[in-house]
Amino acid sequence: MLEISFADKSLRTLSENRAKAEAAFGIEPAVRLQRRLADLRAANNINDLVDGSYTKGTEGNENKIIFYLSDDIKMIITPNHMVIPTLRTGKTDWKKVRR
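Residues numbered from 1 in each chain as written. Predicted model: local features only at pLDDT ≥ 70, side-chain atom pairs only at ≥ 80, totals over all residues. Heavy atoms only, no water.

### A closer look at the side chain of Ser70
Logical step 1: When you line up the elements, Ser70 lands in the loop between strand 2 (62–68) and strand 3 (74–77).
Logical step 2: A polar atom in the side chain of Ser70 sits 3.0 Å from the side chain of Asp72.
Logical step 3: In contact with Ser70, other than residues within four places in its own chain, are Pro29 and Arg32. (Helix = DSSP H or I, 4+ residues; strand = E, 2+ residues; numbered from the N terminus. Polar contact = N/O pair within 3.5 Å; in protein donor to acceptor, adjacent residues only side chain to side chain. Contact = heavy atoms within 4.5 Å.)

### Things to note about the layout of surface pockets
Logical step 1: Quantified by volume, the largest pocket comes out at close to 650 Å³.
Logical step 2: As for the largest pocket, its lining consists of 27 residues, and the residues nearest its centre are Ser5, Phe6, Met75, Ile76 and Ile77.
Logical step 3: Looking at the lining of the largest pocket, the elements with two or more residues in it are helix 1 (9–16), helix 3 (27–42) and strand 3.
Logical step 4: Ranked by residue count, the leading element in the lining of the largest pocket is strand 3, at four residues.
Logical step 5: Its residues placed into classes, the lining of the largest pocket shows 19 nonpolar, four polar and four charged.
Logical step 6: Empty space within the second largest pocket amounts to approximately 150 Å³.
Logical step 7: Looking at the second largest pocket, it is lined by twelve residues, and the ones nearest its centre are Lys56, Leu87, Lys91, Thr92 and Trp94.
Logical step 8: Those elements giving two or more residues to the lining of the second largest pocket turn out to be strand 1 (55–59) and strand 2.
Logical step 9: A per-element tally of the lining of the second largest pocket places strand 1 first, with three residues. (1 Å grid on protein atoms, 1.4 Å probe; cavity = no way out; pocket = protein on both sides within 12 Å on 5 of 7 lines; lining within 4 Å. Points joined across faces, edges and corners; volume = space filled by probe spheres on them. Nonpolar A, V, L, I, M, F, W, Y, C, P; charged D, E, K, R; others polar.)

### Notes on the packing of aromatic side chains
Logical step 1: Scanning the entire structure with this criterion turns up one aromatic pair.
Logical step 2: A centroid spacing of 5.9 Å and a plane angle of 55 degrees characterise the contact between Tyr54 and Phe67, whose relative ring orientation is tilted. Placement of Tyr54 in the loop between helix 3 and strand 1 and of Phe67 in strand 2 is noted, with a sequence separation of 13 residues between them.
Logical step 3: Judged by relative accessible area, which is 11%, Tyr54 ranks as buried.
Logical step 4: The buried category is assigned to Phe67, whose relative accessible area is 1%. (Phe/Tyr/Trp six-rings, centres within 6.5 Å; stacked < 30°, edge-to-face > 60°. Buried < 20%, exposed > 50% of the residue type's maximum accessible area, 1.4 Å probe, protein only.)

Honestly, it's all geometry; don't read function into it.
Below you can see the structure in the form of structure tokens.
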């Protein structure tokens, strides 16, 4: 199971409170947010998720997974390990990311 943490308390609140998420993002993005979080909590690693439900991207040296909740709202996740597991290529080894 993947462990989820948030960049700050306000993001945690939006993620845990559907009514607040709906007020901030609208109904459909809030529903997508809840579904993606449920998918992440149920997954052993990011590769358990259905291909096409996210995109992998890098910005600088920081690897990210991007979930599009709407055309202009996205949820970005990054590894939260003290030492990020990497492949020989230097890219994140998402099979080993647990948090």
